[in-house]
Amino acid sequence: MEQFVKEFETLTESERRVFSYIYKNQKKASSMKIQDLAQETLTSKTVIINMCQKLGLEGYGDLKYYLKNRKEEPVQETSPNQMQYQILDQVKKTMAVAGMDALRRAAQRILKSRTVYIIARGTSKAVGSYLEHLLLILGIRCIYLKDYNLISTVTRTLDLNETVVVISLSGETEKILEVARIAKSREASVVALTGFFTSSLSKIADETLYCAADNRDTRDNDVHSRLGMFVVVDMLVGCIREYTGRSVFKLD
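In this text the structure is predicted, and so the values were computed from the model without any measurement.

### Comments concerning the sheet that holds strand S2 (residues 142-144)
Next up, step 1: With parallel pairing, five strands are arranged side by side in an open sheet as S2-S1-S3-S4-S5. Where the open sheet ends on each side, the last strands, each with one partner, are S2 and strand S5 (207-211). The mean inter-strand angle of the sheet, taken between neighbouring strand axes irrespective of direction, is 15°.
Next up, step 2: Where strand S4 (residues 189-195) lies against S5, five bridges are found, and the strand directions are parallel. Each residue of the ladder has a partner; that of Val-191, found in S5, is Glu-207.
Next up, step 3: Strand contacts of helix H12 (residues 227-244): strand S3 (162-168), S4 and S5, with the helix running at about 130° to S5, the strand carrying the most contacts.

Structure below.
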């Protein structure tokens, strides 16, 4: 499905929901009837057919044929090898869904900003800290807002010369959505880093950077991998380095 990811931004909300479901359930989708897929994704046959055509296919039958005949990398049986495969697969999928055009646009917004604010919650905080560290090394004025009360204060003073990077795997974290909405209302730029799902956050953000993720439920016992997010951060910083000619990997 990686070859079709570049068309994701052209899809409607309902079509994106179908695409995200198929992307995460390719083996299952290859044998599903169109009416079952429509029911599973709360859409319709028309939505599915329109999505297929936007992907350059004749219809759902062509998509199923593609899914059934695509070449899969072999999965090792032993546990360590299985884990290694899953890690490599997540990196590969993230590099496909992140989208270089979106990464470059996000990099330009960051470079044009007077100040960049980073906001993350829960397990995603580690990603925010990593991004802050790299941006500061590149000489970009960057503030990682960790304090709940400080977040509320700062977001109400944002302006159009600033950018807010909001990080949420699910794209449905209420505090993150509140920050994104306030930032947009104050004409600040909003760059979202989130899982490859149709989410409320992706609808608000000026630029959405996607990572591969197997699960979006982060409300309880959130131990879901953020590896994809770290990969996207590295790709984003790489784009910034392209524009500035600076490196975060200098030797002492």
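This is not the end of the story, as more comes after the structure.
### A few points about the pairing of strand S1 (residues 115-120)
Working note: regular strand, side chains alternate between the two faces of the sheet.
Next up, step 1: Of all six residues in S1, six are buried; the element is thus mostly enclosed.
Next up, step 2: Of the two faces of S1, the one holding Thr-115, Tyr-117 and Ile-119 and the one holding Val-116, Ile-118 and Ala-120 are both buried throughout.
Next up, step 3: Two strands pair when backbone bridges link them, and S1 and S3 are joined in this way by six bridges, in the parallel orientation. Within the sheet, the bridge partner assigned to Ile-119 lies in S3 and is Val-166.

### Concerning the nonpolar core
Next up, step 1: Counting 35 residues, the largest nonpolar core has Leu-209 and Leu-236 as the members making the most contacts within it.
Next up, step 2: Elements represented by at least two residues in this core include exactly helix H7 (100-112), S1, helix H8 (125-137), S2, S3, S4, S5 and H12.
Next up, step 3: No other element matches H12, which puts nine residues into this core.
Next up, step 4: With 26 residues, the next largest nonpolar core counts Phe-4, Val-5, Phe-8 and Val-18 among its residues.

Definitions and limits used
Residues numbered from 1 in each chain as written. Predicted model: local features only at pLDDT ≥ 70, side-chain atom pairs only at ≥ 80, totals over all residues. Heavy atoms only, no water. Pairing = 2+ DSSP bridges. Helix = DSSP H or I, 4+ residues; strand = E, 2+ residues; numbered from the N terminus. Axes fitted to C-alpha atoms, helices over the stretch in contact; angles between N-to-C directions. Contact = heavy atoms within 4.5 Å. Buried < 20%, exposed > 50% of the residue type's maximum accessible area, 1.4 Å probe, protein only. Core = buried A, V, L, I, M, F, W, Y, C linked by side-chain atoms within 4.5 Å.

So far we have only geometry, and geometry alone does not tell us how the molecule works.
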